[in-house]
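Chains, contacts and geometry: an overview
Spelled out from the first residue to the last, the chains are:
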Amino acid sequence: MSAFRELFEPILTELAADRAKVPDYLAMIKPAANADHGDYQANFAMALGKALGQKPQDVAKAIIAKLPPNEWLESATVAGPGFINLKLKSAYLADRVRQIAQDTRLGVTPAAKLRTFVIDYSGPNVAKPLHVGHLRSTIIGDALVRILRFCGHTVIGDNHLGDWGTQFGILIYGYKHHRDEAAFQVDPVKELARLYIHVRNLAKVTGEEDEGGGEVMEACRAETAKLHAGGEENVGLWKKFMPACLEMLRPIYDRLDVKIDHALGESFYNPMLAAVVDDLLAKGIAVESKGAVVVPNAKGVVPQNDEQQAKEEPPALIRKRDGAFTYTTTDLATIKYRADTWKPDAMLYVVDARQALHFKTLFANAKRWGYDNTEFQHIAFGSILGRDKKPYRTRDGGTVELSALLDEAAKLGLQGYEASYAERTTHGHEVAELSPAVKREIAETVGYGAVKYADLSGNRTSDYIFDYDKMLALEGNTATYMQYAYARCRSIFRKGEIDETAFHAKLPAVVITTPQERALVVQLLKLPEAIESAATEYLPHHLTGYLWDLAKAYSVFFEACQVLKAETPELRDSRLVLVDLVARVIRQVLNLLGIRTVERM
């Protein structure tokens, strides 16, 4: 893609009526949908022709006529209303794929403009166990951190913990009235989790916002108010609970292989909130309204009457009439701290789509406050649904805890491996007998990978249905299929008893003799494009789509082309280069998605 852009840029700059449109024209170079038409297709002649008042076909022919001599383009032809079909020379493809096989980064160069990102993701309320509602933010955020870092950017991951809200009032109330002291001394993590669930059940609260709840929740809110007011007893309990609350998170993050750089909770920003409100008032951004303080909506309006309130989005409350602060106040303090501390070019918030209005208002006011040179992005995502297309829950209607979800995934991963082992043994295949520890590693790698890949394989803005059977399928666009393709590549080297150190030290030449080899090579060379697309658009599913195309190309190659029994030693070695590179690319891309591989499956 970069080579094509360099080739066409001077021609388009010469022809374009508006040179500012050239980047848009270059973005119209895409991989060909049909390999019979070529490897890539340029569709800019239609737009350029319209701008110039000329027939697109004539413009396309003029562009082709201006192409300079080069060693890698086999043909450029005009088709249909003005499409330019582009086909690369096989010799160039063979040489290029051998070059990336010698590159530890697989041909992916760092981004041309390096930036500093702060990514806000996961963000659970720490008073309760992690549940399925935290899964998407954690997985998507971790993937973006990995992808952007691989592109060379500086990335700071920040876990904005909920450690100061009503959930701690629930714990304090539960501890004072319902604790089992002996159980707390033995396992405070387990006892606090029990207390949280017990109090919410007493209050008959089922939602995430802890609303309603009658006298029990009123008592919990009173305990929260005492905490926020600095009451000695409640602050002491909060400090006592926090280590156990944080310990509830650690095992889940370990199992998901997620490492977040910072965990600065709401409590960290609490001392800064009064100054934030004062500064916004002093600068005329915030205004007093009915005894409270608000900042305007994204359009800069604070609706003043019923008619305006009906037409306009609401303002955001930053100080209540009773003097209490809000999530918006905390988020503004967080932006100031991050900007002052890390000086990022961009702040990304991986939070579900239901918070769109909050972030729209927040970002607009942050820019008014002086952070207008910072890119703010709400990385929105949809919901996880059950097979009934309703929010994914346990059989009794409760929220699914992540620990239980991962336990089930690993259990099913092991069952899948054992079923596959039995089937291959029945068919007379040579299958190594593995130790229980290795089987457990395979089960966890397959199970956890399945959960992550299912989340990341669709556009993050869409809802998706949580279905273990589909996730763990050995066919289709699943992590299990990709992990199996990787293991199959690795098995070829074991079966051929190939000394990989010697093989890599003097990498054989690549020759392309079949359409299947050519298609696989073209797909391998598209890796940088897929990573660039995922990074610039903050869409990890571009990588899963790339992997799916690669896996299909490899499957066709594998069926059509003998590797170890190739017609000549030179062809054997050439195909081994491709097999090795497929394995390395699968492993690298899965790693960018936070998914591990195993050598045997």
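You'll find the structure just up there.
Residues numbered from 1 in each chain as written. Predicted model: local features only at pLDDT ≥ 70, side-chain atom pairs only at ≥ 80, totals over all residues. Heavy atoms only, no water.

**A closer look at the overall build of the protein**
- What the protein contains, in helices and strands, is 25 helices and 13 strands.
- Each principal axis of the C-alpha atoms in the protein carries an extent, and together these give about 80 × 70 × 40 Å.
- For the protein, the residues scored as buried account for 49% of the 601 residues in total.
- Taking the intrachain contacts of the protein between residues at least 6 apart in sequence as the baseline, contacts between residues at least 24 apart amount to 72%.
- Only carbon and sulfur atoms are counted for the fraction: they give 51% of the accessible area of the protein, which is about 28400 Å². (Helix = DSSP H or I, 4+ residues; strand = E, 2+ residues; numbered from the N terminus. Buried < 20%, exposed > 50% of the residue type's maximum accessible area, 1.4 Å probe, protein only. Contact = heavy atoms within 4.5 Å. Areas by Shrake-Rupley, 256 points an atom, 1.4 Å probe, with all protein chains shown as cover.)

**Here's the deal with the pattern of salt bridges**
- Going through the model one piece at a time under the given rule, you end up with 35 salt bridges.
- The partner of Arg194 in a salt bridge is Glu191, with the nearest N and O atoms 2.7 Å apart. One end of the pair is Arg194 and the other is Glu191, both in helix H9 (residues 188-203) and three residues apart, which spans about a single turn.
- The class of Arg194 is partly exposed, set by a relative accessible area of 35%.
- Overall, Glu191 belongs to the buried group, its relative accessible area being 3%.
- The salt bridge partner of Arg387 is Asp467, with a shortest N-O separation of 2.9 Å. With Arg387 in the loop between strand E12 (384-385) and helix H17 (402-426) and Asp467 in the loop between strand E13 (464-465) and helix H19 (468-471), the pair connects residues that are 80 residues apart, well separated along the chain.
- The network of salt bridges with common partners includes Asp142, Arg146, Asp257 and Lys259. (Salt bridge = Lys/Arg side-chain N within 4 Å of Asp/Glu carboxyl O.)

**Section: the nonpolar core**
- Formed by 163 residues in total, the largest nonpolar core has its most connected members in Phe4, Phe8, Ile119, Phe168, Phe241 and Leu405.
- Core analysis: the next-biggest nonpolar cluster, separate from the first, contains 29 residues, Ile156, Leu264, Val293 and Trp369 among them. (Core = buried A, V, L, I, M, F, W, Y, C linked by side-chain atoms within 4.5 Å.)

**Thoughts on the sheet that holds strand E6 (residues 154-158)**
- On the basis of which strands lie adjacent, the open sheet formed by four strands has the order E6-E5-E10-E11 and parallel pairing. The open sheet has two edge strands, E6 and strand E11 (375-379), and neither has a second partner. Shown here is a sheet whose adjacent strand axes are inclined to one another by a mean of 20°, direction ignored.
- Across four bridges, strand E5 (residues 116-120) lies against strand E10 (residues 346-350) in parallel orientation. Its bridge partner lying in E10, Val118 is registered against Met347. (Pairing = 2+ DSSP bridges. Axes fitted to C-alpha atoms, helices over the stretch in contact; angles between N-to-C directions.)

**What about the packing of aromatic side chains?**
- Scanning all chains against the criterion turns up 25 aromatic pairs.
- Centre to centre, the rings of Phe4 and Trp72 are 5.1 Å apart; their planes meet at 65°, and the pair counts as edge-to-face. Of the two residues, Phe4 is situated in helix H1 (residues 2-15) and Trp72 in the loop between helix H4 (56-65) and strand E3 (73-79); the sequence distance between them amounts to 68 residues.
- For Phe4, a relative accessible area of 2% corresponds to the buried category.
- A centroid spacing of 5.5 Å and a plane angle of 35° characterise the contact between Phe359 and Phe363, whose relative ring orientation is tilted. Of the two residues, Phe359 and Phe363 both sit in helix H16 (residues 356-369), four residues apart, roughly one turn of that helix. For the residue pair Phe359 and Phe363, the accessibility class agrees, reading buried in each case.
- Through pairs of rings, three or more aromatic residues link up here, namely Phe4, Tyr40, Trp72 and Tyr92.
- Residue placement shows Arg105 over the ring face of Phe150; its charged tip is 4.3 Å from the ring centre. (Phe/Tyr/Trp six-rings, centres within 6.5 Å; stacked < 30°, edge-to-face > 60°. Lys NZ or Arg CZ within 6 Å of the ring centre and 35° of its normal.)

**Side note on H1**
- In a regular helix each residue adds 1.5 Å, so 14 residues correspond to 20 Å; H1 covers 20 Å between its end C-alpha atoms and thus fits that length.
- Turning to H1, its buried residues are Phe4, Leu7, Phe8, Ile11 and Leu12. (Expected span 1.5 Å × (residues − 1).)

**Details of the sheet that holds strand E4 (residues 83-88)**
- Within the open sheet, the four strands sit side by side as E1-E2-E4-E3. Their pairing is antiparallel. On the outer flanks of this sheet lie strand E1 (29-31) and E3, each paired with one strand and no other. Each neighbouring strand pair of the sheet contributes to a mean axis angle of 25°, computed without reference to strand direction.

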